[in-house]
Amino acid sequence: MSTWRNGGHLATPLSLVAVGTLAALRQNGPKRTLKQIMAMDQPRVGKHVGTDVNGNEYYQNDQEIILRNRWVEYKAWNHDATQVPPEWHQWLHHITDDVPTAQTVPTPFYTPKHQQNLTGSFGAYKPYSTTVPKYSGWSPAVKQREG
């Protein structure tokens, strides 16, 4: 098994995972830690930064590796990346360091309200055609049976 140098002594990757899981259990509790493991494959520990209009919660931990120190915990069980509003997207991806509020992110009057991707749901866009189809489906002529 490979080892990493960590703070002057050798630690196996398995022990690092165990330490992170114990820290998450201590801070988050067992229910939230289990939810994080199911959703993100690893428990995370960090400071709650804010909540968006959809109820998604955003966290930050500056002790983590850069570009992995910000994350979102979705409110919906069937989460999708399109459920993150644009202002929180730019914070998650380090485009800005300002936590989105009404004062930090002005919205022009002409921008529509953010909407998640509705593909596969009843709200999905369904185009319709106004042209006459060139081909039609085959409908066989059925004769009545005798006897």
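Computed from a prediction, not measured in an experiment: that's the story for all the values here. (Residues numbered from 1 in each chain as written. Predicted model: local features only at pLDDT ≥ 70, side-chain atom pairs only at ≥ 80, totals over all residues. Heavy atoms only, no water.)

Colleague: So what's going on with the overall build of the protein? Residues and values would help.
Modeller: Assigned secondary structure in the protein consists of three helices and five strands. Traced from its N-terminal end to its C-terminal end, the protein shows the element sequence β-β-α-α-β-β-β-α. The contacts in the protein between residues at least 6 apart in sequence include a share of 34% that link residues at least 24 apart. Split by element, the accessible area of the protein, about 12300 Å² in all, is 58% carbon and sulfur. (Helix = DSSP H or I, 4+ residues; strand = E, 2+ residues; numbered from the N terminus. Contact = heavy atoms within 4.5 Å. Areas by Shrake-Rupley, 256 points an atom, 1.4 Å probe, with all protein chains shown as cover.)

Colleague: I'd love a proper account of the packing of aromatic side chains, names of residues and values included.
Modeller: How two aromatic rings sit relative to each other is given by the distance of their centres and the angle of their planes. With the rule as written, the count across this model stands at five aromatic pairs. With 6.4 Å between their ring centres and 90° between their planes, Tyr58 and Trp91 make a pair best called edge-to-face. One end of the pair, Tyr58, is in strand S4 (residues 57-60); the other, Trp91, is in helix H3 (residues 86-92), and 33 residues separate them in sequence. Looking at Tyr58, the relative accessible area reads 0%, which means it is buried. Taking relative accessible area as the criterion, Trp91 reaches 0% and is therefore assigned buried. (Phe/Tyr/Trp six-rings, centres within 6.5 Å; stacked < 30°, edge-to-face > 60°. Buried < 20%, exposed > 50% of the residue type's maximum accessible area, 1.4 Å probe, protein only.)

Colleague: So, unusual backbone geometry: which residues are in play, and what are the values?
Modeller: The residue Asp41 is not glycine, and still its phi comes out positive at about 70°. For Asp41, the position within the fold is in the loop between helix H2 (30-40) and strand S3 (47-51).

Colleague: Account for the environment of Val49, with residues named and values stated.
Modeller: Mapped onto the secondary structure, Val49 falls in strand S3. Note on Val49: relative accessible area 22%, which makes it partly exposed. As for Val49 and Asn61, which are separated by twelve residues in sequence, their C-alpha atoms are 9.9 Å apart. Once you skip the residues sitting within four places of it in the chain, Val49 turns out to touch Tyr58, Tyr59, Gln60, Trp91 and Val99.

Colleague: Give a description of the pattern of salt bridges that names residues and reports values.
Modeller: Any two side chains of opposite charge can pair, given that their charged atoms come close. Counting across every chain of the model gives two salt bridges. Of the charged contacts, one joins Glu73 and Arg32 as a salt bridge, the two residues approaching to 3.2 Å between their closest N and O atoms. Separated by 41 residues along the polypeptide, Glu73 in strand S5 (residues 70-73) and Arg32 in helix H2 bring together distant segments of the chain. Exposure remark for Arg32: the relative accessible area of 22% places this residue in the partly exposed category. Put simply, Arg70 and Asp97 hold a salt bridge, and the shortest N to O gap is 2.9 Å. With Arg70 in strand S5 and Asp97 in the segment after H3, this residue pair connects regions lying 27 residues apart in the sequence. Taking relative accessible area as the criterion, Asp97 reaches 57% and is therefore assigned exposed. (Salt bridge = Lys/Arg side-chain N within 4 Å of Asp/Glu carboxyl O.)

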